[in-house]
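Structural overview for review
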Amino acid sequence: MASERKHILVIGGGVIGLSLALTMQDAGDCDVSLLSTCLPSDPSSSATSSAPPPSPAHYASAWAGAHHVSSAMNERECRWDRETFDVIKKLAGPAGQGEDAEGPLVWVRQTELFANPVTTEAERRAQEVLEMYPNHAQSRELPQPWSAEGRAPPFDAAHHFDTLDFDVPRYLPALQRQFIAQGGRLLRAPSPVTSIREAVEICDGDVLGKRRAGWSRVQGVFVATGLGTAELSEMKEDRANHFPVRGQTVLVSAPWLELRGDDDDCSGPSRPRWPALSRTNSCGERDLYLIPRSRGQYIVGGTRLVGDDDPRPREETTCEILARALAICPGLVREDKRRAAGGQARGEDVDILAVNVGFRPGRKGGPVVQAAGKDMSARAGGQGEDVQVVLAYGFGGYGYQNSWGAAFEGRDIMREQLGLPVMSHVLERLTSL
Ligand SMILES: Cc1cc2nc3c(=O)[nH]c(=O)nc-3n(C[C@H](O)[C@H](O)[C@H](O)COP(=O)(O)OP(=O)(O)OC[C@H]3O[C@@H](n4cnc5c(N)ncnc54)[C@H](O)[C@@H]3O)c2cc1C
């Protein structure tokens, strides 16, 4: 019966908010609204270095790479990564042939390097988590095209496996489209709401004003506001824990890196089309990554500057990123340009499409997915009934690979709070993007 349906509001239109919204819709017994200042339909990584980007840098989801290469530090994050990988494998469907077959999820052949001296702990963890990926193998040999010039910096261990990359400018809007197609209500907040209560009032007002048949007042709220969480009045005790982690990346075109069936390892059910690379340095930080998107575009990164909130791209950082990448992948520069430069792969010869800056939503203590407690539920409900509040933020540099697993956990908590049966961690309605 319509009156028994629950109305859930998600605050935040990033990958976490959208994944939560879709998992709640998937259960079939909830109506879902999503309210946000930034939305996936806003233009993002088409920006060039000379024009200010339309999406602000603190909308992390617009600026991510984004690859799924787990570096989970504990059992919970490992579960999120595994469950996310299971969902995106299903959403990607069978690998197709040709350019037109590429969807918003892209199969890649990943090489993950561990620079020396790799610690036993880091190696053990990597071995454990990276085994989740198809065709996982370990060797000290670098495959093509990374081995092309034999100039790779020293490394202790190399893991090779197939994984999926999120083609962000296509993946995020695809989530938004699915949300609307499944009956979701999208509300753009012209400016950031200052409290959870304000978001609930906007949403309730919208439901009543438009007399949306069968929709009740909001009964549950997810707070998926990334770095914006610190600005919500109910969250002031957690305010000091939030910080930006600045990441600058370079979007380049290098379609000639495509794997070929005859001499590259692109066999197997996943049929990876592009080679991908990342390197974890001796401090355990990923200081280099090449993340393929569709049509041979690569996100090359990256930097991780804690507390730096300058949204403008820095020329010297671009040069450093390209120098690191070219040391291991001179093939990022087209062969004829390298020949013309006497065999050198120079940064100025890279086909740069954009230089991007985004802020990962860092949080002391790591990501939060939990019920907010009675006080906050009472405040969010105002004079009326309590509204159940579930918090989901602070995903730092891993929000994409955590997304579906974290959303299932958030859904479990919300359903339990609302007295609804808890469901298994699979998507029933959403089968492709
Ligand atoms: C350069 C870079 C590379 C990355 N690479 C990867 C990668 O390879 N793999 C990976 O898994 N992750 C990666 N990440 C991390 C990933 O992007 C984030 O963890 C993820 O996007 C966080 O999503 P979110 O939904 O929590 O936050 P966001 O994407 O920031 O979304 C927050 C949303 O809340 C809204 N909002 C905030 N406050 C308010 C308010 N007061 N009122 C209304 N709306 C509000 C915002 O408008 C926005 O829509 C990368 C990030 C960067 C910057």
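Residues numbered from 1 in each chain as written. Predicted model: local features only at pLDDT ≥ 70, side-chain atom pairs only at ≥ 80, totals over all residues. Heavy atoms only, no water.

Under an unreviewed UniProt entry, the name given to the protein chain is Nucleotide-binding domain-containing protein, and the organism recorded is Jaminaea rosea. UniProt, in its Cofactor (unreviewed entry) section for the protein chain, records the words "FAD". (UniProt positions renumbered as here; feature names shortened; annotations may be inferred.)

Here we look at the pattern of salt bridges
Applying the stated criterion to the full structure yields 20 salt bridges. One salt bridge in this structure joins aspartate 29 and arginine 415, with 2.8 Å as the shortest N-O distance. Here arginine 415 lies in helix H9 (residues 399-417) and aspartate 29 lies in the loop between helix H1 (15-26) and strand E2 (30-36), a separation of 386 residues in the sequence. Arginine 415 gets classed as buried once you look at its relative accessible area, which sits at 1%. Glutamate 201 is the partner of arginine 197 in a salt bridge, and the nearest nitrogen-oxygen pair spans 3.3 Å. Taken together, the residues arginine 197 and glutamate 201, both in helix H5 (residues 196-209) and four residues apart, mark about one turn of the helix. The class for arginine 197 is partly exposed, based on a relative accessible area of 23%. Taking relative accessible area as the criterion, glutamate 201 reaches 44% and is therefore assigned partly exposed. In this structure, a network of salt bridges that share partners links the residues Arg246, Asp308, Asp310, Arg312 and Arg314. (Salt bridge = Lys/Arg side-chain N within 4 Å of Asp/Glu carboxyl O. Helix = DSSP H or I, 4+ residues; strand = E, 2+ residues; numbered from the N terminus. Buried < 20%, exposed > 50% of the residue type's maximum accessible area, 1.4 Å probe, protein only.)

As for the nonpolar core
In terms of nonpolar packing, the biggest core is built from 61 residues, with Ile88, Leu130, Tyr171, Leu175, Phe222, Tyr400 and Trp404 touching the most fellow members. Residue-level mapping places this core at the junction of two domains, with at least three residues from each of domain 1 (2-43 + 170-242 + 364-417) and domain 2 (60-68 + 84-166 + 243-362). With near-sequence residues (within four places) excluded, leucine 175 lies in contact with Val15, Leu18, Ser19, Leu22, Trp404 and Leu433. Listed in part, the 29 residues of the second largest apolar core include Val252, Ala276, Leu277 and Cys329. (Core = buried A, V, L, I, M, F, W, Y, C linked by side-chain atoms within 4.5 Å. Domains from an automatic or database assignment. Contact = heavy atoms within 4.5 Å.)

A few points about the packing of aromatic side chains
Inspection of the entire model under this criterion finds seven aromatic pairs. An angle of 75° between the planes, with centres 5.0 Å apart, marks the rings of phenylalanine 166 and tyrosine 171 as edge-to-face. With respect to burial, phenylalanine 166 and tyrosine 171 carry one shared label: buried. Taken together, a centroid distance of 5.1 Å and an interplanar angle of 55° make the contact between phenylalanine 166 and tyrosine 400 tilted. Of this pair, phenylalanine 166 sits in strand E5 (residues 157-166) while tyrosine 400 sits in helix H9, and the two are 234 residues apart along the sequence. (Phe/Tyr/Trp six-rings, centres within 6.5 Å; stacked < 30°, edge-to-face > 60°.)

Things to note about the pairing of strand E13 (residues 352-363)
Burial analysis of E13 places 10 of its 12 residues in the buried class, which makes it a mostly covered element. Note: strand E8 (residues 242-253) against E13, 11 bridges, orientation antiparallel. Counterpart to valine 245 in the pairing with E13 is arginine 360. (Pairing = 2+ DSSP bridges.)

Let's talk about the site of the ligand
The environment of the ligand is made up of 38 residues, and the closest members are Ser36, Thr37, Ser61, Gly396 and Gln401. Within the backbone of histidine 58, an N or O atom sits 3.3 Å from an oxygen atom of the ligand. One of the backbone nitrogen or oxygen atoms of valine 193 is found 2.9 Å away from a nitrogen atom of the ligand. Look at the ligand: alone it shows 1000 Å² of surface, and the protein chains cover 97% of it. Elements that contribute at least two residues to the shell around the ligand include exactly H1, strand E10 (286-292), E13 and H9. Here the shell around the ligand gets four residues from one element, more than from any other, and that element is E13. A breakdown of the residues in the shell around the ligand according to their chemical character gives 19 nonpolar, 18 polar and one charged. The two domains that each donate at least three residues to the shell around the ligand are domain 1 (2-43 + 170-242 + 364-417) and domain 2 (60-68 + 84-166 + 243-362). (Near = heavy atom within 4 Å. Polar contact = N/O pair within 3.5 Å; in protein donor to acceptor, adjacent residues only side chain to side chain. Areas by Shrake-Rupley, 256 points an atom, 1.4 Å probe, with all protein chains shown as cover. Nonpolar A, V, L, I, M, F, W, Y, C, P; charged D, E, K, R; others polar.)

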